[in-house]
Every structure is written in C-alpha cells, then in structure tokens.
Amino acid sequence: MTGWASWLPYRTVDDVPRVLGPVDRNRALIEMVGTGGFEDTPALARWSETAEAQPILREFLIAAMTPPPSELHQVDLDLAKGEMADQDTLAADIEARFGR
C-alpha cells in the first residue's frame, strides 16, 4: 500500500480489527479530525473510548484505505453532502454528550 494510507498496518479492509486498540483508535481520530468535520477536543477523545465509537472509528480507518475517485465525475455529490451532514450531526452529538 502506498500513498494516502501507507501508515496503516493492514493489507486489506478485512484485516482491520472489529475492536480497535489504542493505536488504531488514535489513527482513526486523526482521520476524523482530518475530514474537517470534527474538532480535536477532549470530548472526541472520551467518546472514542466507548463501545458505540468502535464501528464508526473502524469505518474511518477503512475509508483511509480506500483510494479517492480518480475522476471528478465519479464523485457522488449527493452522497458526499449526506456524509457531511451525518458528520456534523455526530460531531454535535459527541460535543453535547462528552464535552466539558
């Protein structure tokens, strides 16, 4: 694997563990913050240690392994808009429940 996700220790998506350890959890948090939809806050760190966070964090690691579309016409703008709205909702929920 080269490029965008060369730092991930997994060869395929199937190799990403279902339950992430501290290192993978931190890598996933880096990916989350890197999207611009989440702030690097104590609330995000506290949330990441919960069981409910595991599948979401895993999906962020898997997304890091997936190459971006090579052509602009391959980008599904409606799907991207929905994903951004979902991220905004999740970020607000995390801050409300785990903040301060």
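Quick notes on the rules
Residues numbered from 1 in each chain as written. Predicted model: local features only at pLDDT ≥ 70, side-chain atom pairs only at ≥ 80, totals over all residues. Heavy atoms only, no water. Helix = DSSP H or I, 4+ residues; strand = E, 2+ residues; numbered from the N terminus. Contact = heavy atoms within 4.5 Å. Areas by Shrake-Rupley, 256 points an atom, 1.4 Å probe, with all protein chains shown as cover. Salt bridge = Lys/Arg side-chain N within 4 Å of Asp/Glu carboxyl O. Buried < 20%, exposed > 50% of the residue type's maximum accessible area, 1.4 Å probe, protein only. Core = buried A, V, L, I, M, F, W, Y, C linked by side-chain atoms within 4.5 Å.

Colleague: Any chance you could explain the overall build of the protein chain here in plain terms?
Modeller: Scanning the protein chain from terminus to terminus reveals four helices and zero strands. Listing every helix and strand of the protein chain by position from the N terminus yields α-α-α-α. A fraction of 72% describes how many contacts in the protein chain between residues 6 or more apart in sequence connect residues 24 or more apart. Of the accessible surface of the protein chain, which amounts to about 6,800 Å², a share of 56% is contributed by carbon and sulfur atoms.

Colleague: Explain the pattern of salt bridges to me, please; I cannot follow it from the model alone.
Modeller: Side chains bearing opposite charge may pair, as long as their charged atoms lie close to each other. Considering all chains together, one arrives at three salt bridges under this definition. Arg27 is the salt-bridge partner of Asp24, the closest N and O atoms lying 3.7 Å from each other. A residue pair is termed a helical-turn pair when its members lie 3 or 4 positions apart in one helix, as Asp24 and Arg27 do in helix H1 (residues 22-34) at three residues. Notably, a salt bridge pairs Arg97 with Glu52, separated by 2.6 Å at the nearest N-O pair. Of the two residues, Arg97 sits in helix H4 (residues 77-98) while Glu52 sits in the loop between helix H2 (42-48) and helix H3 (53-65), which places them 45 residues apart along the sequence. By relative accessible area, which is 43% here, Arg97 ends up partly exposed. What makes Glu52 partly exposed here is its relative accessible area of 39%. Bridged by salt links that share partners, the residues Glu52, Asp93 and Arg97 form one connected network.

Colleague: I would appreciate a short explanation of the nonpolar core in the present structure.
Modeller: What tends to happen in soluble globular proteins is that the nonpolar side chains get buried as a cluster. Counting 20 residues, the largest nonpolar core has Val16, Met32, Phe38, Leu44, Trp47, Leu57 and Ile94 as its most contacted members. Counting only elements with at least two residues in this core, the list comes to H1, H2, H3 and H4. Among the elements that make up this core, the one with the highest residue count is H3 (six residues). In this view, Leu57 contacts Leu20, Arg25, Ala28, Leu29, Met32, Trp47 and Ser48; residues no more than four positions away in its chain are not counted.

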